[in-house]
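Letter by letter, the chains look like this.
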Amino acid sequence: MTRPYFLFLYVLISCLAVTCVRDYPSTAPYAPPVITNPPAGGLPSQQQPSAQKRLFLANDKIRVGIDLNMGGAITYLTEAGSSENMVNNPDLGRQIQTAIYGGPYPYSQNGKQPVEQWKYLGWNPVQAGDYFLHPARIVSYQQTDNQLYVKTIPLIWPLFDEPADCIFEHWIDIKDNTVHVRCRITVSRADTTQYEARTQEFPCVYLNGTYDRMIAYTGLKPFTNDAVSEFTDRNVINRYATEHWAALLNSNGRGVGLFKANEVRFRTAGFGQPHVGGEFDVSAGYINSEEFLLVDHNGQYNFEYTLVVGALSDIRQFVYSQPRSPSSPNYQFVQDRQGWYYTNTTDKGWPIQNELIVQWARRSTAERSFRIASPLNFWQATDVPKLYINAAFHTQGTVARLSWRKADEIDFLDTPGRFVDFPIVGDGQFRTYEINASQLSGWDGVISQLSLTSPASQYNFEQGSTVRLRSVTSTKL
């Protein structure tokens, strides 16, 4: 989360790792800051949670801790034998945690208006708490010798002490020098509007300012030990990380890597003063995994990631030991959207049952076009000689368009050499449309994304049209 950050003091109360199962809190261990009137501008005076309530897991390589007074977010991570906590904790918008984003923009609830600086974040549940330093609610937690579990009601970041209408659950395990995290998000919004997909923070990772060497592999020869890139631009910038990881290291070359299987869209940034700062200072290094997600009013979403502690060689060794991503598209929409999302159109909504049912039309005629897009990926064109689209079009139109994006392009171009128009039958019956990609001009090198849309020549046929999409694959099912 790219938030404003302010120094505040904690009284350290470390909780040793013990086995416990309980609801929390039955009686609150502290009272949240009492602020009767939210200020019109910046943060309230320095009134922060008065104590930490950390639970730890440890082995001979690392020690990790979550804080029940900060929504169960990861607030502590260190190498064995070190007393330095690498995690940055100056307010409730940093840590290593989950934050999600949806519409409307701005978002208000119960008469509360968002703080001006962040009003266009929209509906923004944050695991640790809100902008006004109120901690999120812990529903329950469990600790065993080798796992932490925490169930949280997050708060809406820009609003004053407003619980979000969703639940975050996290399971945390450690092995050797890694922390593996699984998360389940369950949404129960009264607002049933389907808002467009947003990039998410699954998760965000904030480390202290001394860990601001931002590193990833962004080349086109992944898993060959090719040279990595180190980024000196401290602005918030997206990276095409083709080995599925990004890292924050210190001047000694040690730190934390974030690995997320199949994900190539990461973000890096540096905040505050370069190369300095401790746990409660505003200076920090930042990375996150930033996939697009359409958040349904009643959806449930699962993701997982791994934090790898150590040197760059340790991070890469772990990543190289993991299963490789598929070398060609294989999207079958059985129970979810498989990361696909929409621009200027909508689908039937959650749950997904063996198909996506999408409006084959723009939201309004004032909008230029619509798009059904795959997640960002990495495929060699030579590995994808054909594409098969299993779909049922219900439309008066006779043509659909498959577009693709290359690795060095920031968006779909829809220019010659980046799309093919193919004939469709609009009677609502399922057919498999075969596209011989190997014969297409511009289908070469690395392909990073696919999309389906309607060419402008078909716009007058769109009203009331739909497409039922079962799969997009490189082999015929």
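Residues numbered from 1 in each chain as written. Predicted model: local features only at pLDDT ≥ 70, side-chain atom pairs only at ≥ 80, totals over all residues. Heavy atoms only, no water.

**A word on the overall build of the protein chain**
Scanning the protein chain from terminus to terminus reveals 1 helix and 33 strands. Residues classed as buried in the protein chain amount to 57% of the 477 residues present. The long-range share in the protein chain, meaning contacts at least 24 apart out of those at least 6 apart in sequence, stands at 71%. Carbon and sulfur atoms make up 49% of the accessible area of the protein chain, which totals about 19600 Å². (Helix = DSSP H or I, 4+ residues; strand = E, 2+ residues; numbered from the N terminus. Buried < 20%, exposed > 50% of the residue type's maximum accessible area, 1.4 Å probe, protein only. Contact = heavy atoms within 4.5 Å. Areas by Shrake-Rupley, 256 points an atom, 1.4 Å probe, with all protein chains shown as cover.)

**Brief notes about the pairing of strand E30 (residues 419-423)**
Only one face of E30 is buried: it carries Val 420 and Phe 422, and the other face, with Phe 419, Asp 421 and Pro 423, is open. The sheet contact formed by strand E29 (residues 399-406) and E30 spans 5 bridges and is antiparallel. From the neighbouring strand, Val 399 faces E30, where its bridge partner is Pro 423. (Pairing = 2+ DSSP bridges.)

**Observations regarding the confidence of the model for the protein chain**
Looking at the protein chain, the pLDDT average stands at 90 and 90% of residues meet or exceed 70. Segment residues 3-50 is flagged for pLDDT under 50; beyond a separation of four residues in sequence, or across chains, it makes 113 contacts in the model. (pLDDT = per-residue confidence, 0-100.)

**Some words on the environment of Asp 427**
Within the element layout of this structure, Asp 427 appears in the loop between E30 and strand E31 (431-435). With a relative accessible area of 38%, Asp 427 lands in the partly exposed category. Considering only alpha carbons, one finds Asp 427 and Gln 396, 31 residues apart in sequence, at a separation of 8.3 Å. Side-chain polar atoms of Asp 427 contact the backbone nitrogen of Gln 429, separated by 3.1 Å. (Polar contact = N/O pair within 3.5 Å; in protein donor to acceptor, adjacent residues only side chain to side chain.)

**Focus: the side chain of Ser 451**
Structurally, the position occupied by Ser 451 is in strand E32 (residues 446-453). You can call Ser 451 buried: its relative accessible area is 0%. A polar atom in the side chain of Ser 451 sits 2.8 Å from the side chain of Arg 371. When sequence neighbours within four positions are dropped, the list of residues in contact with Ser 451 reads Arg 371, Ile 372, Ala 373, Arg 401, Leu 402, Ser 403 and Phe 412.

**Examining the pattern of salt bridges**
Per the stated rule, a full pass over the model turns up 25 salt bridges. Here Arg 431 ties to Asp 427 by a salt bridge, and the two come within 2.7 Å at their closest N and O atoms. Here the salt bridges do not stand alone but share partners, grouping Arg 265, Arg 267 and Glu 290 into one network. (Salt bridge = Lys/Arg side-chain N within 4 Å of Asp/Glu carboxyl O.)

**Remarks on the packing of aromatic side chains**
For the structure on display, the rule yields 22 aromatic pairs. An angle of 45 degrees between the planes, with centres 5.1 Å apart, marks the rings of Tyr 149 and Trp 171 as tilted. Separated by 22 residues along the polypeptide, Tyr 149 in strand E8 (residues 147-153) and Trp 171 in strand E10 (residues 166-175) bring together distant segments of the chain. An identical accessibility class is assigned to Tyr 149 and Trp 171; each is buried. Judged by centre distance (4.8 Å) and plane angle (45 degrees), the ring pair of Tyr 206 and Tyr 286 falls under tilted. Placement of Tyr 206 in strand E13 (residues 201-208) and of Tyr 286 in strand E20 (residues 284-289) is noted, with a sequence separation of 80 residues between them. For Tyr 206, a relative accessible area of 0% gives the class buried. By relative accessible area, Tyr 286 is classed as buried at 1%. Within the aromatic cluster, the residues linked to one another by ring pairs are Trp 360, Phe 370, Phe 393, Phe 422 and Tyr 433. Across the ring face of Phe 223, the terminal group of Arg 324 is positioned such that the distance to the ring centre comes to 3.9 Å. Sitting above the plane of the Tyr 459 ring, Arg 362 keeps its charged end 4.0 Å from the centroid. (Phe/Tyr/Trp six-rings, centres within 6.5 Å; stacked < 30°, edge-to-face > 60°. Lys NZ or Arg CZ within 6 Å of the ring centre and 35° of its normal.)

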